[in-house]
Amino acid sequence: MSGSPALSCIPTPRWLFPGPLRIAALLILGIRLADAFLWQPGGCLLVAIICLLAAVPLRPCSAAAALLLLHTAILTAGGLLWSVRSAVQDGRDLALLLQERPAWSASSVRLWGTVSCIPALDTVSDSAGSTVVANRPRTTFLLQAAWLLSGPRPLPVRGLCRVSVDGDAADRISWGDSVELIGRISLPEPPRNPGEFDYASYLRRTGISAQLFLRHPAAIDVRQPAGPWSIRRQLNNFRQLTVHQLQQCLSTSNRATAEALLLGNRGRMETHLEQDFVFSGTMHLLAISGLHVGILYVFILRLLHMFLVPRGQALLLAATVCMLYACLTDLRPSVLRAALFIVFSAAGQFCCRDVRMGPLIGLTAIVLAVCDPSVAFDIGAWLSFLAVGALGWVAERTPPPTERQVPMDNPGWRDRLFELTSACIRWLLHSYRQMFAVTLLSAPLIAHQFHLISITGLVVNLALVPFTTLTLAAGYLFVAAALLLPALAPAASLPFDASLTLMNYSVSLSAEVRAGFIMIPDLPNWFLPVWYGTLAASAFASTPVRRHFLRLLLMLLTAQQLSAAASIPDRPGLTCTVLSVGHGNAVVVETARRVIVFDAGAMNRGNRTAATIAAFLWHRGYRMIDAIVISHPDADHYNATGGLIDRFPVGQIITSQQFVESSASEVQRLLQQLQKLQIPVTIARHTDALQLESLDLQFLQSDLSHRSSSHSPRSEFTATSDNASSLTALLSFAGHQLCFPGDLEGLGQQQLLPLLPACSVLISPHHGSPPANTPQLAAVTQPQTLIVSARDDRHLTKLKHAFPSSEILHTSTSGAITVHITPDGQLHSSRFLSPSNQPQPRKLP
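Anyway, here's the lowdown on the structure attached to this text. (Residues numbered from 1 in each chain as written. Predicted model: local features only at pLDDT ≥ 70, side-chain atom pairs only at ≥ 80, totals over all residues. Heavy atoms only, no water.)

### Some thoughts on the pattern of salt bridges
It is possible for side chains of opposite charge to pair when their charged atoms get near one another.
Then step 1. On inspection of all chains with the given rule, the structure shows 14 salt bridges.
Then step 2. The residue R223 makes a salt bridge to E180 at a minimum N-O spacing of 2.2 Å. Here R223 is found in strand β8 (residues 220-224), whereas its partner E180 is found in strand β6 (residues 178-186), with 43 residues between them in sequence.
Then step 3. For the salt bridge of R268 with E259, the shortest nitrogen-to-oxygen distance reads 2.8 Å.
Then step 4. Exposure remark for R268: the relative accessible area of 21% places this residue in the partly exposed category. (Salt bridge = Lys/Arg side-chain N within 4 Å of Asp/Glu carboxyl O. Helix = DSSP H or I, 4+ residues; strand = E, 2+ residues; numbered from the N terminus. Buried < 20%, exposed > 50% of the residue type's maximum accessible area, 1.4 Å probe, protein only.)

Shown next, in the form of structure tokens:
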């Protein structure tokens, strides 16, 4: 017993004490736990106080117990930050009011408030075959709500509202204006399909209570503009003037890239160019981060040193400009992280203190977590932290420069050239080491977020290290010249425009190398915490043996996940999932080792539908599609195909002769894309059949398509024959029949009725339209389950009359609908939004 006190007083290793980095990690973990388990503010505060009070008397006799209590207090402090941030102190929050009064979403409301960010202008261009005007402008901003009118008198409200305006309203409003808006308010919907991005949770975590949609800029009435000397108005004017100069002086193909590169707004970028940046592994160039702010900081310091500004003043001015730049980019977490990091670093240099990279990262993360706890859920911010950590890791392991030799008395031009070349080579090697470390360290997080492993990205990023620096420097010079000396703007834009052209060309060329990137399915939830936890443990390992063991474990984890991603899921039976995509069709059929997509499109939502289908397939563990079947050339049945073949290797496209011969420009563009990617197109004809393992697939089609193709002009028959001659697919498995008729209706449906069998499952033709869902069709097919894929259920009553003995499931109310047939013939159906598993709106603490 006499040895116990001595043992308890053994000094605790220094690295166990909660430094800035450890405090930041505990705060972030507390925020994540508070969000997952809905911690209450009172409970968090009580636990934190108890742990702190208990740690003080325990410190002299039991350092380990005191440290445990101190760590627990910091953890619960993070939970307190999030619970207070998410708490609603009264019933005036927009989210709660809209849950209590859903009728508000059905009519227009008046909302008063203050514009709380710089309005951003982008363009809306979603899909082929859109019935709306392509590339129409849209303005988005955040509004701090104050009053809402949806009745006889205004109601005081609170909360942030995300506002979307159809049209260009950037010149009408400014950051800080008090405005009155007339539009339709709503809560974001929860996910409707497995694997779909939870946009509602994303908005909730970022503090946004509701969404408001305005149909025209005239629906905005500025009641009280921000003062002319308001810093918010000045920043707003500065950004709008910068955008105007970019639009005026740069070539059309480079304007969107320039705005994304300098201001972080990717709204104007065309979809194919943005995908090129993703597939080439260079997307981080468009996401303003520490790279951009660091280049700006060094650029300003070098410029001030050229003008012989004292170092202390130069550090202060450069850090101030970086903070203003963060304000211009709407205080994005990654930019704010970089700006704060530079401010703390400059403060350390100003005070002649050597601050290491770890404490700097920790201090920055603490400030961000305290000011905005939602940073814990921001992927961009953590990519930025990982990049800075990698840069610091390389810098700390770079040997110090050797002592400089005494300069020669009379160096010649060859000596000067050799010295300059040596310095450039050393700088490039150091930069390449840094970029290599950044790429490897961030690869798991990028793979988790974008389902992408880019091999060419590693090479391209290394090649673009010096070029990106020069491009950003040219961009900053152009902006400075355009704002201070507008007459010099056209001349200053030439090097920047040329650099952007070369950058876009290099990125597009890299993206065309299809073997240079791999799309992977979802990673398991445990992988990222285990991988980065093991990485952190290896960094803090006390012995080389432990360090090497942990690094070997990292390689084994990576190899195991790559092997799992490359394997094909083997699921017994047949699974048919009708995804909820609005007015459109997207049906995924899975057999034991194959996956087939029947139709892929939605009205005006082609790109979004492609993302929905892709997210579902990744969620199910697939990284390729065996075949895509397109029933007919209506946009809401094929306009997501282009996005799918960009994301997945596709074995073949099966469609009709009518689709291939369509004169629609969108169809021909898709066919050219298929030819470029060398994806074969198989023409299915009436009574053609395929057998895939235990699945029998047969195609039926009326002869209206042959009639229309033999007449001229074809446009006389298109409106009536496209739907009537839809390619109908019959699936037979384990004694069950499934019928996918596309938009089959009219004379074509009457011709095929004698050939249609009794079905276990029938996908409602033409999205539940009464003319296509006749009692005759019901009498012939006698479906046990009728699945309707449409944006609403307005025809539900008529469908019940036409199919009185069938179970009618609607994607607008049930979300994704899944039918599973076991190998022995048992059929089960489930709804993603059924009462048992429907994601309910989160109740605020």
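Still to come is the rest of the account.
### Description of the packing of helix α7 (residues 231-249) against helix α8 (residues 252-263)
Then step 1. Between α7 and α8, whose axes approach to 9 Å, the crossing angle comes to 150 degrees. Put simply, α7 runs roughly antiparallel to α8. The two elements α7 and α8 meet at a crossing, and its hand is right-handed. Between α7 and α8, the contacting residues are R239, T242, V243, L246 and Q247 on the first element and R255, A258, E259, L262 and L263 on the second.
Then step 2. Broken down by class, the residue content of the contact of α7 with α8 amounts to five nonpolar, two polar and three charged. (Axes fitted to C-alpha atoms, helices over the stretch in contact; angles between N-to-C directions. Parallel < 35°, antiparallel > 145°, perpendicular 65-115°, else oblique. Left-handed = near helix turned anticlockwise from the far one by under 90°. Contact = heavy atoms within 4.5 Å. Nonpolar A, V, L, I, M, F, W, Y, C, P; charged D, E, K, R; others polar.)

### Some remarks on the sheet that holds strand β22 (residues 785-788)
Then step 1. Judged by pairing direction, the sheet is mixed, and its seven strands sit side by side in the order β17-β18-β19-β20-β21-β22-β23 without closing on themselves. Edge positions in the open sheet fall to β17 (689-692) and β23 (807-810), since each of these has one partner strand only. Taking each pair of neighbouring strands and ignoring which way they run, the sheet shows an average axis angle of 15 degrees.
Then step 2. Relative to β22, strand β21 (residues 761-763) is paired through three bridges, and the arrangement is parallel. Counterpart to I763 in the pairing with β22 is I787. (Pairing = 2+ DSSP bridges.)

### Observations regarding the environment of G113
Then step 1. Checked against the element boundaries, G113 lands in strand β1 (residues 108-115).
Then step 2. Look at G113 and you get buried, because its relative accessible area is 8%.
Then step 3. C-alpha of G113 to C-alpha of Q144: the two residues are 31 residues apart in sequence and 5.3 Å apart in space.
Then step 4. Those residues in contact with G113 that lie beyond four places of it in its chain are L143, Q144, A145, A146, D177, S178 and V179.

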